[in-house]
Every structure is written in C-alpha cells, then in structure tokens.
Amino acid sequence: MAVLVLGGAGYIGSHTVDRLVEKGADVVVVDSLVTGHRAAVSDKAKFYQGDIADQPFMRQVFAENPAIDAVIHFAAFSLVAESMKKPLKYFDNNTAGMINLLEVMNEVGVKRIVFSSTAATYGIPETMPIKETDPQKPINPYGESKLAMEKIMHWTDLANGIKFVALRYFNVAGAKPDGTIGEDHNPETHLLPIVLQVAAGTRDKLQIFGDDYNTPDGTNVRDYVHPFDLADAHILAMNYLREGNESNAFNLGSSTGFSNMEILKAAREVTGKPIPTVMAPRRGGDPDTLIAASDKARKILGWKPEFDDIHKIIKTAWKWHQTHPNGFADR
C-alpha cells in the first residue's frame, strides 16, 4: 500500500508527509509548487511536480506507482480575501481540479480519498461550537469551492464507490518542534506567522483587521490546531477508509477559541517581544467566531491532539521563525 499526498509541499501537506514517513509509510507527493516548497518535502517521499487537474500527468503518477490505494488531498488555494476578489480562480483550481482528480481516480480504481476541507463551509454559524450537522452556508468563494468539492465527492461516492472523509478545520498554527519545517507563504496572510515575523523583526508591525466584531474584545475568535495534530487526523481518516468504513465528515479543532488579541498576548509571553500592533479595517468574508466541536473525530477516529495548549503551539512556530527568518530560502 502507498498513499498519494496532493499538495504535499504545502504547509499542512509537508507536515503530513513528514508524519507518514516517520510511521514507515510509502509516500508519493504531487505538488505544483505554485505555493508549496520542494525543500519542505521529506527526502524519503517520492516527489512529482505537476498540477492535479492535468489528467495525463495524474494518470502517469498512478501508473508509475500502482501500490497507491489512498489519496490525501491538500492541493487547493485557501486565501479568503483573495477568493472574494478572484472567485473564478478558486472554482477553477479547487472545484474543477477535484472533478479532474476524481475522474482519474475512478479510471485507475483508487477508491479512497481524505479531503482537507474547512470550517469556512459553515459560513456564519448559528450555534457554537460548530457541529458537523450544522448548516453549511459559506460567505466567501473559498468556503463555497470547498463545499462544492464535498458535494462532488458525495455524489461520486454514490455513483462510483469512491469513499471519502472530509476534515473541516480552520486556523492551523505551529511547526515541527525541531524547527526543520514550518509555515512559509508569500504573501503571508495568517495571523500567527505575521505576529512572529513582527517579533523576529522581519516585519515592522502587526495589523489586526477589525475590532468591532461581535466577540468579547471585538476581534475575530478562532480555533487553533497544530499541523502535526491535523496530520495525525488525516492518517487516522485514511486508516478508517482502509478498514472499509463509509464516507464521513469530521471537524478538527481544540474546541477552544482565542481572539486575535489573545493570540497577540500569548505570542508576547512566548517570545518576550513587544510586537507593535495597529488596528486596520475588516477584511471581506471573515466571520466573527469559528470554533469546532471535534468530539466526533475523537470518538470515531480516535483522534487525540498532542498540541492542545496555545503557548505550546506558538513555541513551535517561534522556533521555526527564529531558525528560518526567510522561510525555506534559509534551507
């Protein structure tokens, strides 16, 4: 058996590949390197550079690696603000890319896929924490594209028997504790790495987008999960499908929300740096609060997050930023 990791040179994908390799799995990685980094991929994984929407290329990958029996799919654009300005880019890359992938998977007889979905499919939740059964009403094209991908997998399962697990999570933060791989986006839009770039002196100040949300301190509240904990959940989901279980969806989160100001406070405590901050206008498409109820994943998949303290998460990210102030360009 082998696992194909799509988007395996990205932030969460590379941590998942690292975890799979550590467990002795046979890993094949496909990444276009549009946003991913070749240096992030373990040397013990077989790497292909290409686009998952390129069906002849994907047929070649499957043909050269006949042991592949499961796919873990991270290959998608994921910037909420950009999706509001360029919705067609997201539906073309994310949603149409999924269609092309599933067609090839059906051709070659690979019937298991674990999909990196998002809490953005819920939009503005009616209750908190969010449960898997809550209505999915996205308020941005990114979330809409991912919801469409979930629905496409559902109908493909009914028609062709391709079983799937959709894992819905929101804010990912942290890095491999030894500092060898971490988060490196250009441009960087995620809160914690920007906070730590300011702490490291590679950015002048932190902008917090909006202080008038319906939250205790007026700033967005999010549920933060470490990439290794997400990696473990994807591996558990893959094994769940290999055991012959039916398609399913799971939320992944700590079930604890932290506001942007609380993250800033914790980062100041971990780094010992002042981290200058200014308030900026809201960004489009950002809900007030997103906190995931993850008891279903804990019960059915046996998921047990290791990094369950925000200070612990920030500490791992800070080591990455201290040792790689220019990201993977320092490797």
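Residues numbered from 1 in each chain as written. Predicted model: local features only at pLDDT ≥ 70, side-chain atom pairs only at ≥ 80, totals over all residues. Heavy atoms only, no water.

## Quick notes on unusual backbone geometry
At the junction of M128 and P129, the peptide bond is cis and its omega measures out at 0 degrees in the coordinates. Checked against the element boundaries, P129 lands in the loop between β5 (112-116) and α5 (141-160). In the segment running from N186 into P187, the intervening peptide bond is cis, with an omega of 5 degrees. With respect to the helices and strands, P187 occurs in the loop between β7 (171-172) and α6 (191-200). Notably, I275 is not glycine yet its phi reads approximately 55 degrees, a positive angle. Summarising the element assignment, I275 is placed in the loop between α8 (260-271) and β12 (277-280). The exposure class of I275 is buried, given its relative accessible area of 1%. (Helix = DSSP H or I, 4+ residues; strand = E, 2+ residues; numbered from the N terminus. Buried < 20%, exposed > 50% of the residue type's maximum accessible area, 1.4 Å probe, protein only.)

## Notes on the side chain of T215
Position of T215 relative to the elements: it lies in the loop between β8 (206-209) and β9 (221-225). The exposure class assigned to T215 is buried, which follows from its relative accessible area of 12%. Setting aside residues up to four positions removed in sequence, T215 forms contacts with V221, D288 and T289. (Contact = heavy atoms within 4.5 Å.)

## Some details on the packing of α6 against α8
Viewed as axis vectors pointing N to C, α6 and α8 meet at an angle of 40 degrees, and their least axial separation amounts to 10 Å. Here α8 runs oblique to α6, going by the angle between their axes. Considering the relative orientation of α6 and α8, their crossing is right-handed. Each of L191, L192, V195, L196 and A199 in α6 lies in contact with α8, whose residues at this interface are N260, I263, A267 and T271. When the residues that make up the contact of α6 with α8 are grouped by side-chain class, the tally is seven nonpolar, two polar and no charged. (Axes fitted to C-alpha atoms, helices over the stretch in contact; angles between N-to-C directions. Parallel < 35°, antiparallel > 145°, perpendicular 65-115°, else oblique. Left-handed = near helix turned anticlockwise from the far one by under 90°. Nonpolar A, V, L, I, M, F, W, Y, C, P; charged D, E, K, R; others polar.)

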